[in-house]
Amino acid sequence: MKIEKDTVVTLRYKVTDLQGKLIEEATEPMGYLHGGYDNTLPKIEEALDGQEAGYGVTLQLKPEDAFGVRDPALERTIDKSDFPPGVKVGGQLEGRNDNGEPQIYYVKKIKGSQVLLDGNHPLAGMELRFVLKVLEVRAAAPEELEHRHVHGAGGHHH
């Protein structure tokens, strides 16, 4: 079966920087719903469209095609006393951006009484290499289409 809209693609992936430093590698196969459901990066979907199980590809993506360019406006410095006890570098907090919309912030640095938060994705601004291997392609179940994501192994569990 070919990868097309409304198919479930199961794959293994590895993400490295351009020097080959491993950033992430799937320990288990990952499944996503193909066809513009925002379950993976658009450039990955584009590269896999029309392919079949067994297909492998290495993609080099610019920041704007991966996790975005860094936006300095998404950085905040907040007084440590405004945080719950136990705030640690690498932790995540939900706050509001300048437009009042919910925003996930990562604790980037704690210096004295100040906490530096960053609303950018941790991989924003990086050119990345994705190594992908398609393991399986199948038609999506009606419930998966309705929920706009894969269920079961490698996908979302309700």
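Coordinates for the structure precede this section.
Residues numbered from 1 in each chain as written. Predicted model: local features only at pLDDT ≥ 70, side-chain atom pairs only at ≥ 80, totals over all residues. Heavy atoms only, no water.

**As for the overall build of the protein**
Consideration 1: Scanning the protein for helices and strands turns up two helices and nine strands.
Consideration 2: Traced from its N-terminal end to its C-terminal end, the protein shows the element sequence β-β-β-α-β-β-β-β-β-β-α.
Consideration 3: C-alpha atoms of the protein, sized along the principal axes, occupy 55 × 40 × 30 Å.
Consideration 4: In the protein, which comprises 158 residues, the share counted as buried stands at 32%.
Consideration 5: Split by element, the accessible area of the protein, about 9,500 Å² in all, is 50% carbon and sulfur.
Consideration 6: Across the protein, the 19 positively charged side chains and the 26 negatively charged ones have centroids separated by 7 Å. (Helix = DSSP H or I, 4+ residues; strand = E, 2+ residues; numbered from the N terminus. Buried < 20%, exposed > 50% of the residue type's maximum accessible area, 1.4 Å probe, protein only. Areas by Shrake-Rupley, 256 points an atom, 1.4 Å probe, with all protein chains shown as cover. Lys, Arg positive; Asp, Glu negative; His and termini not counted. Charge placed at Lys NZ, Arg CZ, Asp CG, Glu CD.)

**A closer look at the pattern of salt bridges**
Consideration 1: Applying the stated criterion to the full structure yields nine salt bridges.
Consideration 2: Note that D118 and K108 form a salt bridge whose closest N and O atoms lie 3.6 Å from each other. Taken as a pair, D118 in strand 8 (residues 114–118) and K108 in strand 7 (residues 102–111) lie far apart in primary sequence, ten residues in all.
Consideration 3: Taken together, the salt bridges that share partners define one network made up of R70, E75, K108 and D118. (Salt bridge = Lys/Arg side-chain N within 4 Å of Asp/Glu carboxyl O.)

**Focus: the side chain of Q103**
Consideration 1: Topologically, Q103 is positioned in strand 7.
Consideration 2: A polar contact of 2.9 Å, which involves the side chain of Q103, links it to the backbone oxygen of G119.
Consideration 3: When sequence neighbours within four positions are dropped, the list of residues in contact with Q103 reads L74, L93, E94, G95, R96, N97 and G119. (Polar contact = N/O pair within 3.5 Å; in protein donor to acceptor, adjacent residues only side chain to side chain. Contact = heavy atoms within 4.5 Å.)

**Some points on the sheet that holds strand 5 (residues 75–79)**
Consideration 1: If you walk across this open sheet you meet the four strands as 5-8-7-6, and the pairing is antiparallel. Only two strands of the sheet have a single partner each, and these edge strands are strand 5 and strand 6 (92–96). Across the sheet, the axes of successive neighbouring strands diverge by a mean angle of 40°, strand direction being ignored. (Pairing = 2+ DSSP bridges. Axes fitted to C-alpha atoms, helices over the stretch in contact; angles between N-to-C directions.)

**Describing the layout of surface pockets**
Consideration 1: By volume, the largest pocket amounts to about 240 Å³.
Consideration 2: Lining the largest pocket are 13 residues, and of these Y13, M30, T40, I44 and F130 lie nearest its centre.
Consideration 3: Looking at the lining of the largest pocket, the elements with two or more residues in it are strand 1 (7–17) and strand 9 (128–139).
Consideration 4: The leading source of residues in the lining of the largest pocket is strand 1, at three residues. (1 Å grid on protein atoms, 1.4 Å probe; cavity = no way out; pocket = protein on both sides within 12 Å on 5 of 7 lines; lining within 4 Å. Points joined across faces, edges and corners; volume = space filled by probe spheres on them.)

**Observations regarding the environment of H34**
Consideration 1: Here H34 shows up in the loop between strand 3 (30–33) and helix 1 (42–48).
Consideration 2: When sequence neighbours within four positions are dropped, the list of residues in contact with H34 reads I3, E4, K5, D6, T7, V9, E45 and D49.
Consideration 3: For H34, the side chain forms a polar contact with the side chain of Y32, separated by 2.8 Å.

**Notes on unusual backbone geometry**
Consideration 1: One non-glycine residue, D6, lies in the positive phi region at around 70°.
Consideration 2: Mapping D6 onto the fold places it in the segment before strand 1.
Consideration 3: The class for D6 is partly exposed, based on a relative accessible area of 27%.
Consideration 4: Phi at D38 takes a positive value of approximately 60°, unusual for a residue other than glycine.
Consideration 5: Tracing the chain through its elements places D38 in the loop between strand 3 and helix 1.
Consideration 6: Given the relative accessible area of 71%, D38 is considered exposed.

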